[in-house]
Amino acid sequence: MPPLRIAIDAMGGDYGPRATVSGAALALAQKPGANVTLYGRRHLLDVELSRLPAILAHVRDRIDVIEAGDSLPANMTPSRILRDTFNGSLYASLDALRSGDACACVSAEHTGAIMALARRDVGMLDNVARPAISAAIPTVSQKPCYMLDLGANVDVRAEHLVDFAIMGAAMVRLVDGVQLPKVGLLNVGTESSKGERRVREADMLLRASEHTRFEYVGYMEGDALFTGNTDVAICDGMVGNVALKSSEGLARMLGERLRGEFQIGWYARTVGWLAKPVLRRFMQELNPVRYNGASFLGLRSTVVKSHGNAQAEGFAYAVRRAMDEAAMNLPERLMS
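Reading the values: rules and limits
Residues numbered from 1 in each chain as written. Predicted model: local features only at pLDDT ≥ 70, side-chain atom pairs only at ≥ 80, totals over all residues. Heavy atoms only, no water. Axes fitted to C-alpha atoms, helices over the stretch in contact; angles between N-to-C directions. Helix = DSSP H or I, 4+ residues; strand = E, 2+ residues; numbered from the N terminus. Parallel < 35°, antiparallel > 145°, perpendicular 65-115°, else oblique. Left-handed = near helix turned anticlockwise from the far one by under 90°. Contact = heavy atoms within 4.5 Å. Nonpolar A, V, L, I, M, F, W, Y, C, P; charged D, E, K, R; others polar. Buried < 20%, exposed > 50% of the residue type's maximum accessible area, 1.4 Å probe, protein only. Core = buried A, V, L, I, M, F, W, Y, C linked by side-chain atoms within 4.5 Å. Patch = residues over 30% accessible without salt bridge, like charges linked within 9 Å, V, L, I, M, F, W, Y side chains within 5 Å. Areas by Shrake-Rupley, 256 points an atom, 1.4 Å probe, with all protein chains shown as cover. Salt bridge = Lys/Arg side-chain N within 4 Å of Asp/Glu carboxyl O. Pairing = 2+ DSSP bridges. Phe/Tyr/Trp six-rings, centres within 6.5 Å; stacked < 30°, edge-to-face > 60°. Lys NZ or Arg CZ within 6 Å of the ring centre and 35° of its normal.

Q: How should the packing of helix α1 (residues 17–30) against helix α2 (residues 42–50) be read in this particular structure?
A: When two helices pack together, their arrangement is captured by the angle between the axes and the distance separating the axes. At a minimum axis distance of 9 Å, the contact between α1 and α2 shows a crossing angle of 55°. Taken together, the axis directions place α1 and α2 in an arrangement best described as oblique. Pair α1 / α2 crosses with right-handed handedness. Facing Pro17, Arg18 and Val21 of α1, the residues of α2 in contact are Leu44, Leu45, Glu48 and Leu49. Its residues assigned to classes, the contact of α1 with α2 shows 5 nonpolar, no polar and 2 charged.

Q: Just to check I follow, could you spell out helix α5 (residues 111–121) for this structure?
A: Among the residues of α5, Ala113, Ile114, Met115, Ala116, Leu117, Ala118 and Asp121 are the ones counted as buried. Positive phi shows up at Gly123, right after α5, with a value of about 90°.

Q: Looking at this structure, I do not really get the nonpolar core. What am I missing?
A: The nonpolar side chains of a soluble globular protein tend to be buried with one another. Counting residues in hydrophobic clusters, the biggest one holds 62 residues, and the most contacted among them are Leu94, Met147, Ile234 and Val303. The element that contributes the greatest number of residues to this core is helix α6 (residues 158–176), accounting for 10 residues. If we ignore the near neighbours within four places in the chain, the residues touching Leu94 are Cys105, Leu117, Ala118, Asp121, Val122 and Val303. Membership of the second largest hydrophobic core comes to 31 residues, among which are Ile6, Leu45, Leu56 and Met323.

Q: Just to check I follow, could you spell out a nonpolar patch on the surface for this structure?
A: Nonpolar side chains collect at one region of the surface, where Val154, Met238 and Val242 lie side by side and expose about 280 Å² of accessible area between them. Relative to the assigned elements, Met238 resides in helix α8 (residues 237–261). Classification of Met238 as exposed rests on a relative accessible area of 53%.

Q: I keep staring at the sheet that holds strand β1 (residues 4–9) and nothing clicks. Help me out?
A: Neighbouring strands of a sheet are bound in pairs by backbone hydrogen bonds; such pairs are parallel or else antiparallel. Read from one edge of the open sheet, 11 strands run β3-β2-β1-β4-β11-β10-β5-β6-β9-β7-β8, paired in mixed fashion. Edge positions in the open sheet fall to β3 (63–67) and β8 (215–220), since each of these has one partner strand only. Across the sheet, the mean angle separating the axes of adjacent strands is 25° when strand polarity is ignored. Where strand β5 (residues 132–137) meets strand β10 (residues 294–297), 3 bridges bridge the pair, whose relative direction is antiparallel. By the bridge assignment for β10, Ala132 is matched with Leu297. Contacting β4 (104–107), β5, β10 and β11 (302–305), α5 runs over the sheet at an angle of about 170° to β11.

Q: Can you help me understand the packing of aromatic side chains in this one?
A: Both the distance between ring centres and the angle between the ring planes are used here to describe each pair of aromatic rings. By the definition in use, this model includes 0 aromatic pairs. A cation sits over an aromatic face here: Arg320 above Tyr317, 4.5 Å from the ring centre.

The values are spatial; any link to function lies outside them.
Given below as C-alpha cells:
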C-alpha cells in the first residue's frame, strides 16, 4: 500500500509556516506511513524546515515543498474567492487533492474560504446537499461527543440536519467503533414543543424514519454535550460554533482561575504543589489543542480545518486527524 500523502496549506493560520511546518513534522513522527507536501512560499518554508529540532530530523525526507502563493486575506468573501485566480496556498493544496496528488488536505484558513473552494474543487458526495464541520469535544465519561455543524452552514433546513445525523453517526461507527451511536438534536429544551421550526421538523423526520445504524435520542440541551451519554450532537453552524468556542473559553478560564487560586498564600501554594500532577492531567484533558482538527463531512475527499490560532502542537493534531480519516477512506464510507 503506497504511503498516504497529505496536502498542507502551509501559509494559513495566525502563525503561518512557524506552526504548520513544525506541526506537520510532529504528525509525521507519529505516523510512519505518511508523507506531506507543504504548499506556500518556498523560502519561508525552507527556513522553518531548517529550524526543526534534531529529534524530528528523521521525518525531513518525507516532506516535500511546492511553491505557491500566500494565505487569503481575512476579509475576502466566498464569492470573490471563487472568482479570483489568485494562486494561494489553499488553492494549490486543494488542487492537489482534486488531481489525486494528495489524499487529504489540512488548512487553517477561515471556514468560508475552505468550504467554498472545497465544494467547487473537491465536490460533494452523492445525496449530500451541504458539508458539515465536525469536531470532538471532551466529556465526563472520557469518550468524545462529536458535534456538527460547527460553522459551515448557518442557514439550514430540516433535511440538512438529518443528513448531518446520518454522516455523524457513520463517522463515529468508523472512527471510534461504536456500533449503534446515540444521536441527539441540540435544542433549547427537551420538550417536544420547544425550538425553532426547522429543529422541530428535523425531530419529526428523525423519529419517522427507521434508522437501524444509530439510535436517535431526541432533543438534548447544551449541558448534555459534556455528559458522555450522546455520541453525536446535531445543530446548525451558528449554534455549534458558539457552543464550541464557549466551551473552549470556559476551559481556558478554569485553568487560569485554578492556577491563580493556588498562588494565594503559602498554604494554597503547598496544596497546589501536592496537587500538581492531578491538575496537570486535568488541564491536559480539557486542553482545546487536543481536539483541534474539524472535518468537512460530505466532501468527496478528506478536508480538515485547523483552528486559525493553533500553534505547532495543535496543528499536528489536525494533520493526524486527516491522516487517520484518509487511511480509512472515510468520505466514501460515510454514506454506504
